[in-house]
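The lines below spell out each chain.
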Amino acid sequence: MNNSEEVKEPEMNSRNWLLVIVVDVLILVELAVAMYVASVHPEEFELMFMKSFFGMLIPTLVLSFLAKRMLRRVPAQVVS
């Protein structure tokens, strides 16, 4: 492709980076909580882990997807 034909990719501004970091931290916390909940019930470890982890993970991913779309729609403010 020529330079004139290149497709511009969306830029990662500070709000997008912050969203990615917050979602990553939330997923790590959810993983730790799920491991703790599962360790309380060792006879049903796998079931308790999957129920608690995916029960927290799916809403987090849905909300992060919606937040990402909302951030994409917000126009960047021009500081003069």
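Quantities reported herein were computed from a predicted structural model and do not represent experimental measurements. (Residues numbered from 1 in each chain as written. Predicted model: local features only at pLDDT ≥ 70, side-chain atom pairs only at ≥ 80, totals over all residues. Heavy atoms only, no water.)

Caption draft 1: Local environment of the packing of helix 1 (residues 14-40) against helix 2 (residues 45-73). Closest axis-to-axis distance for the helix 1/helix 2 pair is 8 Å, and the angle between their directions is 170°. Classified by the angle between their axes, helix 1 and helix 2 sit roughly antiparallel to one another. You can see that helix 1 and helix 2 cross each other, and the crossing is right-handed. Across the contact of helix 1 with helix 2, the residue classes tally to 19 nonpolar, five polar and three charged. (Axes fitted to C-alpha atoms, helices over the stretch in contact; angles between N-to-C directions. Helix = DSSP H or I, 4+ residues; strand = E, 2+ residues; numbered from the N terminus. Parallel < 35°, antiparallel > 145°, perpendicular 65-115°, else oblique. Left-handed = near helix turned anticlockwise from the far one by under 90°. Nonpolar A, V, L, I, M, F, W, Y, C, P; charged D, E, K, R; others polar.)

Caption draft 2: Main features of the environment of Met56. Examined against the element boundaries, Met56 turns out to sit in helix 2. On a C-alpha basis, the gap between Met56 and Ala34 in space is 8.7 Å, while along the polypeptide they are 22 residues apart. Setting aside anything within four residues of it in sequence, one finds Met56 in contact with Glu30, Val33 and Ala34. (Contact = heavy atoms within 4.5 Å.)

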